Amino acid sequence: MSSKERILGRVRRALADVPRDDTPYEEAVARDYLREHGERSVEETVALLAENLADYRAIVHRTNDEELPYLIMRLLAERGPQYVLVPPWLPPEWMSAADPTRVHDRAVSTPHELDKVESVVTGCALAIAETGTIVLDGSPDQGRRRITLVPDHHICVVRVPEQVVSSVPQALERLDPARPLTWISGPSATSDIELDRVEGVHGPRMLEVVLVGD
């Protein structure tokens, strides 16, 4: 008997005395919690997102579609990477002004090979204002999870206002739980018992978020 079969067997035994007409879990658990804290306009929601991103030590930029390629070019030039990793279906115009050699994500790429790439540019699934969180779901403009965890520098583009929500409950309504979700609140960091902060442990040391809107 496998571990899975043993676990499922225990679940079945635990539920053996539950009446078949018992209230379903989805109805038994109250769902009347707040969906967001306070009422905000679109502009206030985006401002809160930028504030919380910065509070998590992400670097926030504001631009429009026309200026986006030049902003990405400048951000990459400041870091000076020789190679930049891009997902397979990143909008080509985003990188139209950038100089570094583009490396496309491939299934055969090893972590060692990805570690040689200094920067990565992606889109996102959405951004949560109240928590300052960017969510990736592995869509074609974001690529696989590992390409945003290995390089040291991540530029993430968020479309405003269509990809911005106020709260986590609102985000969960729009996300597909079957997809590989990555929740990012600032650059990767951890602290030891002495509260010494170390960045870049489980992901990029630098996160730059570009809010693109009118």
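**Student:** Mind laying out the nonpolar core, listing which residues take part and the relevant values?
**Tutor:** Counting residues in each nonpolar core, the largest one holds 19 residues, and the members touching the most others are Leu49, Ile134, Val158, Val209 and Leu211. Taken together, the elements giving at least two residues each to this core come down to α3 (42-55), β6 (133-136), β7 (153-159) and β12 (206-212). No other element matches the five residues that α3 contributes to this core. When residues no more than four places from it in sequence are discounted, the contact partners of Val158 are Cys124, Ala127, Ile134, Gln163, Val164, Val209, Val210, Leu211 and Val212. If you look at the next biggest cluster of nonpolar residues, it comprises 16 residues, including Leu68, Leu75, Leu90 and Val121.

**Student:** A description of the layout of surface pockets should follow, citing residues and the corresponding values.
**Tutor:** Space inside the largest pocket adds up to approximately 180 Å³. In terms of lining, the largest pocket is formed by Val42, Glu43, Val46, Ala47, Arg62, Thr63, Val160, Pro161, Leu211, Val212, Gly213 and Asp214. Mapped by element, the contributors of at least two residues to the lining of the largest pocket are α3, β1 (59-63) and β12. No other element matches α3, which puts four residues into the lining of the largest pocket. Class assignment for the residues of the lining of the largest pocket results in seven nonpolar, two polar and three charged.

**Student:** Which residues make up the sheet that holds strand β9 (residues 182-184), and what values go with them?
**Tutor:** Each strand in a sheet pairs with its neighbour through backbone hydrogen bonds, running either in the same direction (parallel) or in the opposite one (antiparallel). In spatial order, the strands read β8-β5-β6-β9; together these four strands make up an open sheet with mixed pairing. At either margin of the open sheet sits one strand with a lone partner, and together these are β8 (164-165) and β9. In terms of strand pairing, strand β5 (residues 126-128) meets β8 through two bridges, oriented parallel. Residue pairing across strands places Ile128 opposite Val165, the latter belonging to β8.

**Student:** Can you lay out the pattern of salt bridges for me, pointing to particular residues and giving the numbers?
**Tutor:** Applying the stated rule across the entire model yields eight salt bridges. Glu130 is paired through a salt bridge with Arg40; the nearest N and O atoms lie 2.8 Å apart. Of this pair, Glu130 sits in the loop between β5 and β6 while Arg40 sits in the loop between α2 (25-28) and α3; the two residues are 90 residues apart in sequence, bridging distant segments of the chain. According to the relative accessible area criterion, Arg40 is partly exposed, its value standing at 25%. Here Glu78 ties to Arg74 by a salt bridge, and the two come within 3.0 Å at their closest N and O atoms. In this pair, Glu78 and Arg74 both sit in helix α4 (residues 68-79), four residues apart, roughly one turn of the helix. Accessibility expressed as a relative area gives 56% for Glu78, which makes it exposed. Within the structure, one salt-bridge network assembled from shared partners comprises Arg79, Asp152 and Arg205.

**Student:** Pulling in residues and values, what's your account of the pairing of β7?
**Tutor:** Burial analysis of β7 places six of its seven residues in the buried class, the great majority of the element. With four bridges joining them, strand β4 (residues 119-122) and β7 adopt parallel strand pairing. Bridge pairing in β7 places Val121 opposite Ile155. The pairing of β7 with β12 spans seven bridges and is parallel. From the neighbouring strand, Arg159 faces β12, where its bridge partner is Val212.

Cut-offs and rules
Residues numbered from 1 in each chain as written. Predicted model: local features only at pLDDT ≥ 70, side-chain atom pairs only at ≥ 80, totals over all residues. Heavy atoms only, no water. Core = buried A, V, L, I, M, F, W, Y, C linked by side-chain atoms within 4.5 Å. Buried < 20%, exposed > 50% of the residue type's maximum accessible area, 1.4 Å probe, protein only. Helix = DSSP H or I, 4+ residues; strand = E, 2+ residues; numbered from the N terminus. Contact = heavy atoms within 4.5 Å. 1 Å grid on protein atoms, 1.4 Å probe; cavity = no way out; pocket = protein on both sides within 12 Å on 5 of 7 lines; lining within 4 Å. Points joined across faces, edges and corners; volume = space filled by probe spheres on them. Nonpolar A, V, L, I, M, F, W, Y, C, P; charged D, E, K, R; others polar. Pairing = 2+ DSSP bridges. Salt bridge = Lys/Arg side-chain N within 4 Å of Asp/Glu carboxyl O.

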